[in-house]
Amino acid sequence: MGAKGTYSLMSIPDIINSLGDWGLTVEEDRLLRPTSEFVEFVFCACLAQVTGINREDLLQPAQDALSISSLEDKDNIYLSALTHNLLCYHLTRFANAARVDDFSSYDISKPTKERTLLLLSAFINFVKFTEQLCNPFVNELVNRSNALLVDRDQVSSKLAQTQKQIQELKAKRDKDEPICQELRAKNKELGDLVLQTKAAQQPIVQEAALLKEEKTRLMERKEHIQRELEAISDANKRIRGRIVQSPERVKRSISTMSVSRTEHKRMVAINETKARDLQAKINALVIIEQDLRTCIDQLQVVEKEIKSLQDMQKDLAELKDQLHDKKIERNELQLKQERVVKQLENAHAKLTLTQQRAADKKAANARILERLQGEYNDMAEQRQENDLQLAEIRKEAAEVEEKISEHLKVSEGELHGLLKEYWSLKCATNVYMETLATKLNMKIS
């Protein structure tokens, strides 16, 4: 019965070369006349190339299964049978993966040449397939694992830097907190002062407006009086030109002018008094204006301080938001670090298990190598014995051949003698038949 699959049948030299690439030395005679031990060893080697499982790896699970079983007699025969069953199970799964659907334990216990070559072709093709297509995927996983380890180190360093920055920000915040409290108190005082200043500014502004209006009216009146004085001066000049030199009229004019001059002086004194009052009010308005400008400057400074305080409060709120975001990011990084640590622990556990398996496999391979070396030595001794037996058989065969050649020579001599007698007898018979036919007048056909 042939194996079913979608693989190409390999020749014996190709099978030997493929197994030699894995460090397995196989002779052609072992493939032509396979034994159950040889077939199991080669099939386990193919299975180990893909899954890393060999017969020695199955001993411990079998022992664990027997240790928890209810069997009273836990002899080695049960351990060997259970190990063989586990090995057949894994080999059957391996054969199904290699598209061999009819693999059974009969292929190990009663191997044949055709069946063994077909199964080895399927297994070697499947192993080469996994080496060509699966190894890049495994290498990619290893590279991704290494990249994750590098990212974990970077994230850990970034987390440490972030925590350091957070501590610095907290220290700076704690350090700036008294200044912020002082600024808040000062801001409150300045706000109250601004409100008071605005409340006190309103009547002063109103009074300043009234004084400016009165100043404007007085300046207009002063200009009007100056124009009247100029007009009166011009009229005096014209009147002087028309004056008739009459004593009485001059006296009346002088008395009238004296009265006018007195009135004019009185008016000038009144205007000068008003001008001094206006100048004093103007000076007071200038002082008030300077005070108002000082108040406005202080209000601008207060507004700048308020704006600066608002900016600082905004920056403080942004820093609080950043601190909250950093806390969230730190929690996420801690969770990620925990996951990475767990992955690292799992990787270490897998690495330890793999190393343990590798060590066990190495020890098992060493034992197998010792066993094979012993078998090889036994085979060498058997081969020497076989060579001696073969030499004796060849010697006997040579003696038999010599006897056969001598017997052939004797037989050929006897055969030549018989043929000679036959031909002489035949000639005599022909002569006798012709003589008899002549005497009897018979025609011989």
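Residues numbered from 1 in each chain as written. Predicted model: local features only at pLDDT ≥ 70, side-chain atom pairs only at ≥ 80, totals over all residues. Heavy atoms only, no water.

Draft legend 1. Quick peek at a negative patch on the surface. On the surface, E392, E396, E399, E401, E402 and E406 cluster together into a patch of negative charge. Within the secondary structure, E401 sits in helix α8 (residues 247–440). (Patch = residues over 30% accessible without salt bridge, like charges linked within 9 Å, V, L, I, M, F, W, Y side chains within 5 Å. Areas by Shrake-Rupley, 256 points an atom, 1.4 Å probe, with all protein chains shown as cover. Salt bridge = Lys/Arg side-chain N within 4 Å of Asp/Glu carboxyl O. Lys, Arg positive; Asp, Glu negative; His and termini not counted. Charge placed at Lys NZ, Arg CZ, Asp CG, Glu CD. Helix = DSSP H or I, 4+ residues; strand = E, 2+ residues; numbered from the N terminus.)

Draft legend 2. Layout of the UniProt feature "coiled-coil region" (unreviewed entry) in the protein. The residues that UniProt annotates with the feature "coiled-coil region" (unreviewed entry) are residues 208–235 and 292–410. Within residues 208–235, the helical portion is 100% and the strand portion 0%, while the C-alpha atoms at the span's ends are 40 Å from each other. (UniProt positions renumbered as here; feature names shortened; annotations may be inferred.)

Draft legend 3. Representation of the packing of aromatic side chains within the structure. In the structure shown here, the tally under the stated rule is four aromatic pairs. Three or more aromatic residues joined by ring pairs form one cluster here, namely F43, F103 and F123. (Phe/Tyr/Trp six-rings, centres within 6.5 Å; stacked < 30°, edge-to-face > 60°.)

Draft legend 4. Quick peek at helix α1 (residues 12–21). Within α1 the residues assigned to the buried category are I12, I15, S18 and L19. Projected onto a plane normal to the axis of α1, the buried residues spread over an arc of 125° and lie on a single side. Phi for G23, located one or two positions after α1, is positive at around 85°. (Buried < 20%, exposed > 50% of the residue type's maximum accessible area, 1.4 Å probe, protein only. Arc of directions from axis to C-beta.)

Draft legend 5. Quick peek at empty space enclosed by the protein. All chains considered together, the criterion is met by one cavity of 30 Å³ or more. Of the pockets and cavities examined, the largest cavity occupies roughly 40 Å³. Around the largest cavity, the lining residues are L211, E214, K215, L278, K281, I282 and L285. Those elements that provide at least two residues to the lining of the largest cavity are α7 (113–242) and α8. Classifying every residue of the lining of the largest cavity gives four nonpolar, no polar and three charged. (1 Å grid on protein atoms, 1.4 Å probe; cavity = no way out; pocket = protein on both sides within 12 Å on 5 of 7 lines; lining within 4 Å. Points joined across faces, edges and corners; volume = space filled by probe spheres on them. Nonpolar A, V, L, I, M, F, W, Y, C, P; charged D, E, K, R; others polar.)

Draft legend 6. Broad picture of the confidence of the model for the protein. Per-residue pLDDT for the protein has a mean of 78; in total, 88% of the residues score no lower than 70. Confidence, read as mean pLDDT per element, is least for helix α4 (residues 59–67) in the protein (67) and greatest for α1 (82). A low-confidence stretch, residues 1–5 (pLDDT under 50), is modelled with 15 contacts involving residues beyond four sequence positions or located in other chains. (pLDDT = per-residue confidence, 0-100. Contact = heavy atoms within 4.5 Å.)

Draft legend 7. Representation of the side chain of S18 in the model. Inspection of the secondary structure assignment puts S18 in helix α1. We classify S18 as buried; its relative accessible area is 4%. Beyond its immediate stretch of four places on either side in the chain, S18 contacts M10, I124 and K128.

Draft legend 8. Fine view of the layout of surface pockets. One number sums up the size of the largest pocket: a volume of about 1,000 Å³. Lining the largest pocket are 31 residues, and of these L24, F41, I368, R371 and L372 sit closest to its centre. Looking at which element gives the most residues to the lining of the largest pocket, the answer is α8, with 10 residues. Of the residues contributing to the lining of the largest pocket, the split by class is 13 nonpolar, nine polar and nine charged. Reported here for the second largest pocket is a volume of approximately 750 Å³. Around the second largest pocket sit 25 residues that line it, and I225, L229, H264, V268 and N271 are the ones nearest its centre. Among the secondary structure elements, those contributing two or more residues to the lining of the second largest pocket are α7 and α8. The class makeup of the residues in the lining of the second largest pocket is 11 nonpolar, seven polar and seven charged.

Draft legend 9. Spatial organisation of helix α3 (residues 36–51). Between its terminal C-alpha atoms α3 stretches 22 Å, which fits the 22 Å expected from 16 residues at 1.5 Å a residue. Where α3 terminates, the next one or two residues include G52, which has phi positive at roughly 75°. (Expected span 1.5 Å × (residues − 1).)

Draft legend 10. Spotlight on the nonpolar core. I15, L19, L31, F43, F103 and F123 are the most contacted members of the largest nonpolar core, which has 33 residues in total. Every element with two or more residues in this core is listed here: α1, α3, α5 (76–97) and α7. Excluding its chain neighbours within four sequence positions, the residues that come into contact with F103 are F43, L91, T92, A95, I108, R115, L119 and F123. (Core = buried A, V, L, I, M, F, W, Y, C linked by side-chain atoms within 4.5 Å.)

Draft legend 11. Representation of the pattern of salt bridges in the model. Within the structure shown, the criterion is met by six salt bridges. Among the salt bridges present, the one from E177 reaches R184, with a minimum N-O distance of 3.7 Å.

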